[in-house]
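If you want the building blocks of each chain, they are given just below.
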Amino acid sequence: MEMRLAAVRRGHNMVKRDRDSVGLITQNAREFRGYAASYRGQAADTRTETALRATIAKQFPQLHNREASGRNSNQQAQ
């Protein structure tokens with residue numbers, strides 16, 4: 001009888017540990033999905049900015065050169 005109770009307790013503990021592990025993994029997956037969505041948004045913003053800079057460089061080369069040199073000097077100052 002005692003062995004049966006111990007087996008039931010052990011089985012219950014294993015199920016509980018598995019459930020806790022699945023919960024933790026699910027929580028991590030949700031967090032990482034949020035990071036991935038954020039990074040995809042940042043990548044899209046970067047592509048848009050790059051396209052706009054190329055358009056400005058074509059249409060207004062002097063303005064583009066002044067902006068680029070100002071940005072570079074600002075980065076060097078930091």
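Our structure's up above, just so we're on the same page.
Residues numbered from 1 in each chain as written. Predicted model: local features only at pLDDT ≥ 70, side-chain atom pairs only at ≥ 80, totals over all residues. Heavy atoms only, no water.

## A look at a nonpolar patch on the surface
Counted only if it meets this: Two joining distances apply to patches: 9 Å for like charges and 5 Å for nonpolar side chains (Val, Leu, Ile, Met, Phe, Trp, Tyr), and every residue must have over 30% relative accessible area and no salt bridge. Surface accessibility in these figures is a Shrake-Rupley result with a 1.4 Å probe; residues are shielded only by whichever protein chains are displayed. Within this document, salt bridges are pairs made up of a side-chain nitrogen of Lys or Arg and a carboxyl oxygen of Asp or Glu, the two lying within 4 Å of each other. Each helix is a run of H or I in the DSSP string that is no shorter than four residues. Each strand is a run of E no shorter than two, and both are numbered from the N terminus. Think of it in three bands: residues with accessible area under 20% of the maximum for their type are buried, residues over 50% are exposed, and the middle band is partly exposed, with areas taken using a 1.4 Å probe on protein chains only.
A cluster of nonpolar side chains, contributed by Phe32, Tyr35 and Tyr39, occupies part of the molecular surface with about 360 Å² of accessible area. Here Tyr39 shows up in helix H1 (residues 2-59). Using a relative accessible area of 53% as the deciding quantity, one classes Tyr39 as exposed.

## Section: the environment of Glu67
The residue Glu67 is located in helix H2 (residues 61-77) in this model. In the structure, Glu67 is positioned ten residues away from Ala57 in sequence and 10.0 Å away in space, judged by C-alpha atoms.

## Topic: the environment of Val22
With respect to the helices and strands, the residue Val22 is situated in helix H1. With a relative accessible area of 52%, Val22 lands in the exposed category. Placed 13 residues apart in sequence, Val22 and Tyr35 show a C-alpha to C-alpha distance of 20 Å.

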